[in-house]
Structure formats: structure tokens, C-alpha cells
Amino acid sequence: MDYDIILGTAGWGVWHSPDAGKSWVRHRKPFPLNSRIQALAVLPGAARVLAAGDTGLYRSEDGGASWARIGVQGDIPTIWSLAVDPADPATLFAGTRPAAVYRSRDGGQRWTRLPLETAKECAIGQPFVTRVLVDPDDSRTVWAGVEIDGVYRSLDGGDRWTRVVSGLSDPDVHDLAIARTLPSTVFASTNGEVFWSADRGDTWTPIGVRTKWPLPYARGIVVKADDPRTLFAGCGETTTGEAGAVLRSSDGGQTWRSLPLPARPNATLWGLATHAAEPNRLVAWSLFGEVYVSEDAGESWRKIAREFGEIRTAAWLPA
């Protein structure tokens, strides 16, 4: 079965495969040379996806086969994360560096900076928003994860924000995910831990990565679309370590199993891409250009033959 895979890379823009990874095209236009694409967001409906990074925002209406710029370069700072309001796909949120969250009500043509005040400096210099997330069941609730400044929450669609870090002992937030349990559970992956909250971020509890994972550096985390108790996560030795793994939990993050990749990854498994159209399909990628695909919820994997540069984000869409 063919489907579209899209990769966002650091310096090589967007790569697209229309046939589940058998062939690839690097898109040069309208992306400026050496574009860093750090965020992808799939829009509701067939084959619509956004890409963003240091050269602005772009849109594809055909699964990534062609692209058009939205707005102008420089209308907001470098984008590191994108989120779409599930109740109104014209409403977008962008997390940037310097750390800020912007909102657009018209699909990205115009943006408003929201009143999110984060730390101005941190251990890595300038903080940035690694993840923006809209609650799928309550689009008034919006989340932002900041590297390095913890988790922020808005309960009114982004108009007001609160820093929610009680129990979050590591503020170096890499990713956020929401499980549609009752009540919903929010997960935050950080430099060396994964935390969960069942009270909308008022309190956080660590899962104990160092005793449950083979490698301590936590990166991407996603929830299986048809089972809120099943999580997938990518990990590694360090940011640019020489090994990585994909993990699965079937009990909401209490226990974890390393999944059988066909080769030893060349770096940290940076992230995973899912889609509700086929919950058992996962696309996982390492920071240094390897792509792995599973069609059976991680029980088996194939490695894409082609290797890329530094991959920052990925998505897959039904054909």
C-alpha cells in the first residue's frame, strides 16, 4: 500500500515520498536554499499538510508533492513547532525561537503573538518552544513545551497562559502528547525523564526512565490513535549519541518494551509520526537521517533504504 511520507530536514528542506519510502524527491521550490524545516502539521481532510522552519510557512494540498508559501519570510521568528485547532483548521499555533507562541485565525496569512512570557535565557542560550499542542477534545486548552523552561498551559485558546511545573523536576521539555483517557493524561518528555499529569498539568509525576528504558535521553513521544493506553517513544544516549531505540508501553507509560528495529540506529530516535487513518503505522526517524517504518504497531520494522541529512520532523498521510 502506498502513502505519502514527508521529512523536514536541517539545511535540506523538505523530502517527499509518494510511495511509502520507495522513491524520494527533494523539493527546492518554493523553499529557499538550505532551509531548515523543523515542524510539520497535518490538516484535517485529504492530503493537506503544513511545513515551517527558519524560512517561513508552506502548505501542500497534494500530500507533499508540491508546495506554496504562506505569507512572507520573516513575518514571525523561526518556527520550531506547529499545531492545528481540530475544531477550526484555519486556526494555527506556532512555537518559535526566541520562545513565543503565535496564533493565526486565517490559515497562516496573519499572526498575532500571544502573551506567553518565558525565560529569556537558559543553559542553551535562548529558549524555544519545542512543542505546541491543542487538546483534541477541548480546543480551548493549548499546551506549549519550552526548551529550557518547562510547560505552559492556556485554558482560553491562547489568550492567557500559566506555567505548570509542579513536580516537573526537569524543565528541558522535548515533546508533549495527550492520551484521551478519562480524565485525559498529558505526557511531557524531557532531557532525562518522561512525566505524566492527569490534572491538566497542575501536578506532574515521573515514570522513571532510568530504571525502565535502555537509554536515558527521552525525545519524541506519541499516543496510539485508537488506544490511549498505548504510547510510543524515541530515546538515545544523548542529543547526538551513537545509539537509539523505539519503545512501546501498553499500560499508559508504567512499563516499556524496546521494539525490534532491523538495524542499530545511528543516533537518537528523534521522533515518531502517526495518523488516525491507520493507527498501526508508525514512521520513526533518527536525528542523523535514518527512517524506519512499522505497519503493525511496532512488532516489526523496515528501514528505508535512502538515508538523509539531519531530520528534524516527519509526517505520513494516506494516499
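What this report covers is the structure whose coordinates are included nearby. All of these numbers come straight from a predicted model, not from anything done at the bench.

A look at the overall build of the protein chain
The helix and strand inventory of the protein chain stands at one helix and 28 strands. In terms of overall size, the protein chain behaves like a compact globule, its C-alpha atoms giving a radius of gyration of 18 Å where 319 residues would be expected to give roughly 20 Å. In terms of overall dimensions, the protein chain has C-alpha extents of about 45 × 45 × 35 Å along its principal axes. Across the 319 residues that make up the protein chain, the buried fraction comes to 58%. When the accessible area of the protein chain is evaluated, it comes to approximately 12,500 Å², of which 50% is carbon and sulfur surface. Taking the average place of the 34 positive charges on the side chains of the protein chain and the average place of its 37 negative ones, the gap between the two points comes to 3 Å.

Here we look at the environment of Val84
Looking at where Val84 falls in the secondary structure, it is placed in strand β8 (residues 78-84). Val84 sits 20 residues away from Ser104 along the chain, and the two C-alpha atoms are 9.8 Å apart. Apart from the residues lying within four places of it in its own chain, the contact partners of Val84 are Ala41, Val42, Leu43, Pro44, Pro89, Thr91, Leu92 and Val134.

Thoughts on the sheet that holds strand β25 (residues 282-286)
The strands that make up a sheet pair up through hydrogen bonds in the backbone, lying either parallel or antiparallel. The strand order across the open sheet formed by four strands is β24-β25-β26-β27, and the pairing between neighbours is antiparallel. A single partner strand is all that each edge strand has here, and the edge strands are β24 (269-273) and β27 (302-303). Bridge analysis of β24 against β25 gives four bridges, and the strand direction is antiparallel. Bridging from a neighbouring strand, Leu269 pairs with Ser286 of β25.

A look at the nonpolar core
If you look at the biggest cluster of nonpolar residues, it comprises 20 residues, and the most contacted ones within it are Ile5, Leu7, Trp24, Val283, Trp285, Val291 and Phe308. Taken together, the elements giving at least two residues each to this core come down to β1 (3-9), β24, β25, β26 (291-294) and β28 (311-318). Once residues within four sequence positions are removed from consideration, Val283 is found in contact with Ile5, Gly271, Leu272, Ala273, Val291, Tyr292, Val293 and Trp316.

Here's the deal with the packing of aromatic side chains
Each aromatic ring pair is characterised by the separation of its centres together with the angle its planes make. Applying the stated criterion across every chain yields a total of eight aromatic pairs. On the basis of an interplanar angle of 70 degrees and a centroid distance of 4.8 Å, the ring pair of Trp24 and Phe308 is categorised as edge-to-face. With Trp24 in the loop between β2 (14-17) and β3 (25-27) and Phe308 in the loop between β27 and β28, the pair connects residues that are 284 residues apart, well separated along the chain. Summarising the burial analysis for this pair, Trp24 and Phe308 share the class buried. Taken together, a centroid distance of 4.4 Å and an interplanar angle of 50 degrees make the contact between Phe31 and Tyr58 tilted. Here Phe31, found in the loop between β3 and β4 (37-42), pairs with Tyr58, found in strand β6 (residues 56-60); they are 27 residues apart in sequence, far enough to count as distant. Tyr58 matches Phe31 in its accessibility class, with the two residues each being buried.

So, the environment of Gly271
Along the chain, the position of Gly271 falls in strand β24. Residue Gly271 is classed as buried on the basis of its relative accessible area, which comes to 4%. In sequence terms Gly271 and Phe232 are 39 residues apart; their C-alpha atoms lie 9.4 Å from each other. When sequence neighbours within four positions are dropped, the list of residues in contact with Gly271 reads Gly220, Val283, Ala284 and Trp285.

Some remarks on the sheet that holds strand β12 (residues 128-134)
Taken in spatial order, the four strands line up as β12-β13-β14-β15 in an open sheet, and their pairing is antiparallel. In this open sheet, the two edge strands, each paired with only one partner strand, are β12 and β15 (162-163). Two elements, strand β14 (residues 150-154) and β15, share two bridges in a ladder whose sense is antiparallel. Note that in β15 the partner of Arg153 across the bridge is Thr162.

As for the pattern of salt bridges
Applying the stated criterion across every chain yields a total of 17 salt bridges. Of the charged contacts, one joins Lys22 and Asp2 as a salt bridge, the two residues approaching to 2.8 Å between their closest N and O atoms. Taken together, the residues span a long stretch of sequence, with Lys22 in the loop between β2 and β3 and Asp2 in the segment before β1 at a distance of 20 residues. The class of Lys22 is exposed, set by a relative accessible area of 59%. The network of salt bridges with shared partners includes Arg248, Arg257 and Glu299.

A closer look at the environment of Ala123
Of note, Ala123 is situated in the loop between β11 (112-113) and β12. Measuring from C-alpha to C-alpha, the distance between Ala123 and Ala20 comes to 39 Å, with 103 residues separating the pair along the chain.

Focus on the side chain of Thr230
Looking at the element boundaries, Thr230 is found in the loop between β20 (217-223) and β21 (231-236). A polar side-chain atom of Thr230 sits 2.6 Å from a polar atom in the side chain of Asp227. For Thr230, the residues in contact, after removing those within four places along its chain, are Val222, Val223, Lys224, Arg248, Ser249 and Ser250.

Focus on empty space enclosed by the protein
A full pass over the atoms with the stated rule returns one cavity of 30 Å³ or more. The space that makes up the largest cavity amounts to roughly 40 Å³. Every residue lining the largest cavity is listed: Asp135, Thr141, Trp143, Ile178, Ser184, Val186 and Arg200.

Each value, and the rule that gives it
- Residues numbered from 1 in each chain as written.
- Predicted model: local features only at pLDDT ≥ 70, side-chain atom pairs only at ≥ 80, totals over all residues.
- Heavy atoms only, no water.
- Helix = DSSP H or I, 4+ residues; strand = E, 2+ residues; numbered from the N terminus.
- Rg over C-alpha atoms; globule rule 2.2 N^0.38 Å.
- Buried < 20%, exposed > 50% of the residue type's maximum accessible area, 1.4 Å probe, protein only.
- Areas by Shrake-Rupley, 256 points an atom, 1.4 Å probe, with all protein chains shown as cover.
- Lys, Arg positive; Asp, Glu negative; His and termini not counted.
- Charge placed at Lys NZ, Arg CZ, Asp CG, Glu CD.
- Contact = heavy atoms within 4.5 Å.
- Pairing = 2+ DSSP bridges.
- Core = buried A, V, L, I, M, F, W, Y, C linked by side-chain atoms within 4.5 Å.
- Phe/Tyr/Trp six-rings, centres within 6.5 Å; stacked < 30°, edge-to-face > 60°.
- Salt bridge = Lys/Arg side-chain N within 4 Å of Asp/Glu carboxyl O.
- Polar contact = N/O pair within 3.5 Å; in protein donor to acceptor, adjacent residues only side chain to side chain.
- 1 Å grid on protein atoms, 1.4 Å probe; cavity = no way out; pocket = protein on both sides within 12 Å on 5 of 7 lines; lining within 4 Å.
- Points joined across faces, edges and corners; volume = space filled by probe spheres on them.

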